[in-house]
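Chain by chain, the residues run as shown.
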Amino acid sequence: MRIKRIFAHRVELPLVEGTYKWSGGKSVSVFDSTIVGVETDTGLIGYGEVCPLGPFYLPAYAEGVRSGLREIAPHLIGYDPRELAKLNHRMDAALKGHPYVKSGIDMACWDILGLSTGLPVCVLMGGRFGENVRLYRAISQEAPEQMAAKVAGYRAQGYTRFQLKVGGDPDLDIERIHAVRGMLLASDRLVADANTGWTQHEAMRVVRAVRDVDVYIEQPCLTYSECLAVRRNTDHPFVLDENVDSLEMLLQAKSDLAMDVVNLKISKLGGLTKTKQARDLCVSMGIAMTLEDSWGGDITTAAIAHLAHSTPEEYRFTSTDFNSYVTVSTAQNAPQRINGFMTASTEAGLGITPRQEILGPMVVDVS
Ligand code: MG
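Worth saying up front: this structure is predicted, and the values here are computed from it rather than measured.

Colleague: Which parts of the structure should I look at to understand unusual backbone geometry?
Modeller: Among all residues save glycine, negative phi is the norm, and among peptide bonds the norm is trans. For Q219, which is not a glycine, the phi torsion comes out positive at approximately 35 degrees. By the element assignment, Q219 lies in the loop between β10 (216-218) and α8 (224-231). Phi at L257 is positive, roughly 50 degrees, even though this residue is not glycine. For L257, the location among the structural elements is in the loop between α9 (247-255) and β12 (261-265).

Colleague: I tried to follow the coordination of the magnesium ion on my own but got confused; where do I start?
Modeller: Each donor-metal-donor angle would ideally measure 109.5 degrees in four-coordinate tetrahedral geometry, or 90 or 180 degrees in six-coordinate octahedral geometry. Every protein donor of the magnesium ion is listed here as D193 (OD), E218 (OE) and D241 (OD), and their distances to the metal cover 2.1 to 2.3 Å. In the primary structure, the donors to the magnesium ion are separated according to the pattern D-x24-E-x22-D. Placement of D193 in strand β9 (residues 189-193) and of D241 in the loop between β11 (238-240) and α9 is noted, with a sequence separation of 48 residues between them. Residue classification places D241 among the buried positions, given a relative accessible area of 0%.

Colleague: Could you clarify how one ought to interpret the packing of aromatic side chains in this entry?
Modeller: Two numbers describe a pair of aromatic rings. These are the distance of the centres and the angle of the planes. Under the defined criterion, the tally for this structure stands at 11 aromatic pairs. Aromatic side chains W22 and Y57 sit 6.5 Å apart centroid to centroid with 85 degrees between the ring planes, which places their arrangement in the edge-to-face category. Placement of W22 in the loop between β2 (20-21) and β3 (27-28) and of Y57 in the loop between β5 (45-50) and α1 (62-72) is noted, with a sequence separation of 35 residues between them. Given the relative accessible area of 2%, W22 is considered buried. Exposure remark for Y57: the relative accessible area of 12% places this residue in the buried category.

Cut-off values and rules
Residues numbered from 1 in each chain as written. Predicted model: local features only at pLDDT ≥ 70, side-chain atom pairs only at ≥ 80, totals over all residues. Heavy atoms only, no water. Helix = DSSP H or I, 4+ residues; strand = E, 2+ residues; numbered from the N terminus. Donors = N, O, S within 2.8 Å, 3.2 Å for Na, K, Ca; no water. Buried < 20%, exposed > 50% of the residue type's maximum accessible area, 1.4 Å probe, protein only. Phe/Tyr/Trp six-rings, centres within 6.5 Å; stacked < 30°, edge-to-face > 60°.

Keep in mind these numbers describe shape, not what the thing actually does.
What follows is the structure, given as C-alpha cells:
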C-alpha cells in the first residue's frame with residue numbers, strides 16, 4: 001500500500017459561546033482548522049485534523065499547517081502509510097521541527113492503519129481501558145461570577161472536571177478560583193490554568209492566596225525555570241503544558257519532579273505516534289496526563305478519544321470533547337459527550353466519516 005496523494009481542506013469552526021478567552025487578553029471566535037486527507041493506491045483514504053489555538057498559543061498557526069503540508073507532502077508520496085515509525089522518520093528528515101505540520105498526516109495514517117486492519121485506533125494504540133473517557137470543560141476567562149455561572153451550567157450537563165482560564169490580573173484570578181471552587185463538590189476537580197500568563201512573583205502571590213483551596217495549578221509562567229520555582233514553593237498539585245513539547249522536556253521535568261500531571265497535546269508533540277511514545281513513557285514513570293490537542297472539531301475529538309481510551313484509567317487525568325465547543329460538525333460518527341464522558345469508536349480506524357459538503361474546496365493537493 002502506497003501514499004498516492006495528500007490533500008487538505010480549510011474549515012472554519014465558530015464557537016458555541018461566541019468567543020474563547022485566555023491569558024494576556026488572547027481570544028479566538030472562529031477557529032481555522034485544517035482537515036488532512038491521505039489517499040492510498042488501494043483507494044483507502046485516512047483523515048486527520050490540525051487546529052492551532054490561534055497564532056499566539058504555541059509556535060503554530062493555521063496557514064503554517066497548509067504551507068508545511070505543501071513542503072512535506074511531496075516527500076511522502078510512495079511511502080507505506082501503515083509503517084508509522086518509518087513515515088515519521090521520513091517527515092523529520094524532510095522538515096526540521098514544525099511538529100504540528102506533521103500531526104495531521106500522522107493521524108490520517110493511523111486512520112488508514114485501522115481501516116486496513118479492521119481495528120479501531122485505540123486497539124492499535126494499546127487496547128481499550130475502561131468503559132469511557134472522563135472529560136473536562138475549559139472555562140473561558142470572564143469575571144469571577146460569570147465563570148462560576150458557566151461552571152454551574154456545565155456541571156448540570158455532567159462535567160465534574162473544570163479548567164479555569166486564569167493568567168490575567170492575579171487579584172481577579174484569586175477571586176475566580178475562590179468563586180468557582182466554592183460551588184463545586186469535594187469530588188469535583190478544579191484546575192487553574194494560567195497559560196504562561198503570570199510572572200513569577202504574581203504566581204507566588206496566587207498560590208499563597210489559594211493555599212487552602214483544592215485546586216491544581218497549570219503552567220503558571222512562561223518559562224520552565226519560573227514554573228519550577230513556583231512548583232517548589234507550593235503544595236498544590238501541579239500541571240505542566242506549554243513547556244513540555246518534547247520527550248527531552250518530559251524527561252527533564254520528571255527528573256526535576258516539576259509536575260504531578262502533564263498535558264499532552266497531539267499536535268504539540270507532532271501526531272499520535274509521538275504522543276503515544278510520550279504517553280507510554282508517562283505510564284511507565286507514573287505521571288498522570290491530560291490527553292488532548294490544541295483545538296479542533298470532530299476528527300481531532302475522535303483522535304483524542306482513541307488516545308485517551310487506550311491509556312490506563314489511573315493515568316488519565318482528563319480529556320476534552322472539542323467538537324462540543326464549536327457549531328460545525330465536520331464528520332459523522334464522532335464521539336458525543338454523554339454525562340461528562342465520551343468513548344472511542346469501535347469501528348475501524350478513527351471511526352469517523354468526513355462530511356464532504358462541509359469540507360469545502362481543497363487548499364492543498366499533492367500527488
Ligand atoms: Mg493548559
